[in-house]
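The residues making up each chain are set out below.
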Amino acid sequence: MDRYWLLTSNTYGTWLPGDHKGFVSYVRDASGQQVIHNVPGTPVEPGNSPLERYARTQLKSPPVRFDLVQAELLLDQFLETAGYRQWQLLAVAIMANHVHWVLGVPGDPDPETLLRDLKSYGSRKLNRHAGADQPADWWAESGSKQKLSTDESVLAAINYVIRQEHPLVIWTAPIPELNLPGGRIV
């Protein structure tokens, strides 16, 4: 594989602009210029209750929270998508309100394309299962894309993913360096 990524996406409506935990979005700085604070390891925007209330009024459907059945459907689809695209899925953690992937890819595709494909095929699988009960959107727009440039950063990302709190499903490829035989952990 030529590139490795830690990708993250939230489910629709679960982390809005203005959220009390902080948020990443375009805002205006003191000079009025639009800026975004989205560099990993740097502060995010502080909570802003009026902005969060406004963002909530703009939702097309209620916030999405995955259940165990949906998480299992997603895991199957992520494995299928990675295999078809000839990507190396190293780890995935599916929580009720977000998903983390550690992914190796040939070449240097745009990580936004990787996220789009994972979420698109995941949505199709969920839509087939949900029937008429499907939400307007399953996923938040875009997501976090962190390039992993060293073997150490790949192992650290896998370690981060498998140690998520309150997972519905965690899966890894065999990772001898971390004594992981591969398969479903949770």
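Scroll up for the structure.
Quick look at the structure, then. Along each chain, residues carry numbers from 1 onward, in the same order as the chain's sequence is written. Side-chain atom pairs in this predicted model are given and counted only at pLDDT of 80 or more, local residue features only at pLDDT of at least 70, and totals for whole chains, interfaces and linings cover all residues. Side-chain measures here rest on the full set of heavy atoms in the structure, leaving out hydrogens and waters.

**Here we look at the overall build of the protein**
Each helix corresponds to a stretch of at least 4 residues labelled H or I by DSSP, and each strand to a stretch of at least 2 residues labelled E; elements are numbered beginning at the N terminus. Counting its regular elements, the protein contains four helices and eight strands. With the radius of gyration taken over C-alpha atoms, the globule rule is written as 2.2 Å times the number of residues to the power 0.38. Taking 16 Å as the expected radius of gyration for a compact globule of 186 residues, we find that the protein reaches 17 Å, a close match to that expectation. With respect to the principal axes defined by its C-alpha atoms, the protein has extents near 50 × 40 × 30 Å. The burial tally for the protein puts 41% of its 186 residues in the buried class. Working rule for contacts: check all heavy atoms of both residues, and any pair within 4.5 Å makes them a contact. Within the protein, contacts between residues separated by at least 24 positions form 65% of all contacts whose residues are at least 6 apart in sequence. Accessible surface computed for the protein: about 10,400 Å², of which carbon and sulfur atoms make up 51%. Here the protein contributes 17 positive and 20 negative side-chain charges, whose respective centroids are spaced 4 Å apart. Exposed residues in this analysis have more than 50% of their type's maximum accessible area, buried residues have under 20%, and partly exposed residues fall in between, with area computed by a 1.4 Å probe over protein chains only. Here the open area of atoms and residues is found with the Shrake-Rupley method and a 1.4 Å probe, where only the protein chains shown may cover a residue. A residue counts as positive if it is Lys or Arg and as negative if it is Asp or Glu; His and the chain ends are not included. The location of each charge is read from NZ of Lys, CZ of Arg, CG of Asp or CD of Glu.

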